[in-house]
Amino acid sequence: MTDCLFCDVVRTGADAANRIAEFEHSVAVVHFQQAFRGRCILVLKPHYLDVLEVPDDVHAALNDDLRRLGRAVRAAFRPDRINYSNFGNVEPHVHWQLIPRYHDDGYWGGPPPMPETKLPLLPDETYREIAERIRAEL
């Protein structure tokens with residue numbers, strides 16, 4: 001698939017500033033919008049449009065990766081909760097967003113805004129630091 005953003009993410013090398021880790025069936029990256037510090041995405045390596053298309057064994061491995069990444073985000077940033085989303089409306093490629101939530105994030109008690117306000121991109125070094133904090137907990 002040549003015009004899929006997440007297929008491009010999978011192909012991007014380990015030196016990308018937002019790359020956290022590569023697992024057997026998925027790749028973890030820091031989300032470019034950091035209104036919720038530590039927000040990241042877990043992208044399934046093969047291109048599937050919907051979780052119902054993913055073979056059972058691959059889905060089980062993806063779920064294990066999701067839990068492992070969630071634990072690392074929790075250890076790295078100590079959020080009060082983590083929201084997990086899998087919509088696929090904007091990017092039709094199976095992926096999970098992990099959105100750390102904090103009591104003082106301005107949206108506590110409800111879902112995070114989707115789509116959220118477009119924030120300016122951060123310097124690569126900031127994404128690299130977030131990735132390193134999470135990676136250290138894997």
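Everything below is about the structure printed above this text.
What counts, and at which threshold
- Residues numbered from 1 in each chain as written.
- Predicted model: local features only at pLDDT ≥ 70, side-chain atom pairs only at ≥ 80, totals over all residues.
- Heavy atoms only, no water.
- 1 Å grid on protein atoms, 1.4 Å probe; cavity = no way out; pocket = protein on both sides within 12 Å on 5 of 7 lines; lining within 4 Å.
- Points joined across faces, edges and corners; volume = space filled by probe spheres on them.
- Helix = DSSP H or I, 4+ residues; strand = E, 2+ residues; numbered from the N terminus.
- Nonpolar A, V, L, I, M, F, W, Y, C, P; charged D, E, K, R; others polar.
- Phe/Tyr/Trp six-rings, centres within 6.5 Å; stacked < 30°, edge-to-face > 60°.
- Disulfide = S-S within 2.5 Å.
- Buried < 20%, exposed > 50% of the residue type's maximum accessible area, 1.4 Å probe, protein only.
- Core = buried A, V, L, I, M, F, W, Y, C linked by side-chain atoms within 4.5 Å.
- Contact = heavy atoms within 4.5 Å.
- Pairing = 2+ DSSP bridges.

**Remarks on the layout of surface pockets**
- Here the largest pocket is characterised by a volume of approximately 710 Å³.
- As for the largest pocket, its lining consists of 29 residues, and the residues nearest its centre are His31, Phe32, Val90, Glu91 and Gln97.
- Sorting the residues of the lining of the largest pocket by element identifies helix 1 (5-11), strand 2 (26-30) and strand 5 (95-101) as the ones contributing at least two each.
- Here the lining of the largest pocket takes 4 residues from helix 1, the largest share from any one element.
- Partitioned by chemical class, the residues of the lining of the largest pocket number 13 nonpolar, 10 polar and 6 charged.
- Looking at the second largest pocket, its volume works out to about 170 Å³.
- Lining the second largest pocket are Leu66, Arg67, Gly70, Arg71, Arg74, Pro79, Asp80, Arg81, Ile82 and Tyr84.
- For the lining of the second largest pocket, the secondary-structure elements that each account for two or more residues are helix 2 (56-77) and strand 4 (81-85).
- Per-element tally for the lining of the second largest pocket: the top contributor is helix 2, with 5 residues.

**Some words on the packing of aromatic side chains**
- Taken as a whole and judged by the stated rule, the model has 1 aromatic pair.
- Taking 6.1 Å as the distance between ring centres and 55 degrees as the angle between the ring planes, the aromatic pair formed by Phe36 and Tyr107 counts as tilted. Separated by 71 residues along the polypeptide, Phe36 in the loop between strand 2 and strand 3 (40-44) and Tyr107 in the loop between strand 5 and helix 3 (124-135) bring together distant segments of the chain.

**Observations regarding the state of the cysteines**
- One pass over the full model with this rule turns up 0 disulfides.
- Cysteine Cys4 shares no disulfide, and the gap to the nearest cysteine sulfur, in Cys7, comes to 3.7 Å.
- Taking relative accessible area as the criterion, Cys4 reaches 4% and is therefore assigned buried.

**Brief notes about the nonpolar core**
- With 26 residues, the main nonpolar core has Ile20, Cys40, Leu42, Leu69, Leu98 and Ile134 as its most contacted residues.
- Elements with a minimum of two residues in this core: strand 1 (19-22), strand 2, strand 3, helix 2 and helix 3.
- With 8 residues, the single largest contributor to this core is helix 2.
- The contacts of Leu42, once residues within four sequence positions are left out, are Phe23, Ser26, Val27, Ala28, Leu62, Asp65, Leu66, Leu69, His95, Trp96 and Leu98.
- Ranked by size, the runner-up nonpolar core spans 9 residues in total, among them Cys7, Val9, Val10 and Val29.

**Considerations on the pairing of strand 3**
- Burial analysis of strand 3 places 5 of its 5 residues in the buried class, the great majority of the element.
- Sheet topology note: the strand 2/strand 3 ladder contains 5 bridges and is antiparallel. Residue pairing for strand 3: Val27 is matched across the bridge by Val43.
- Of the pairings in the sheet, the one linking strand 3 to strand 5 comprises 4 bridges and is antiparallel in character. In the strand pairing of strand 5, Cys40 is matched with Leu98.

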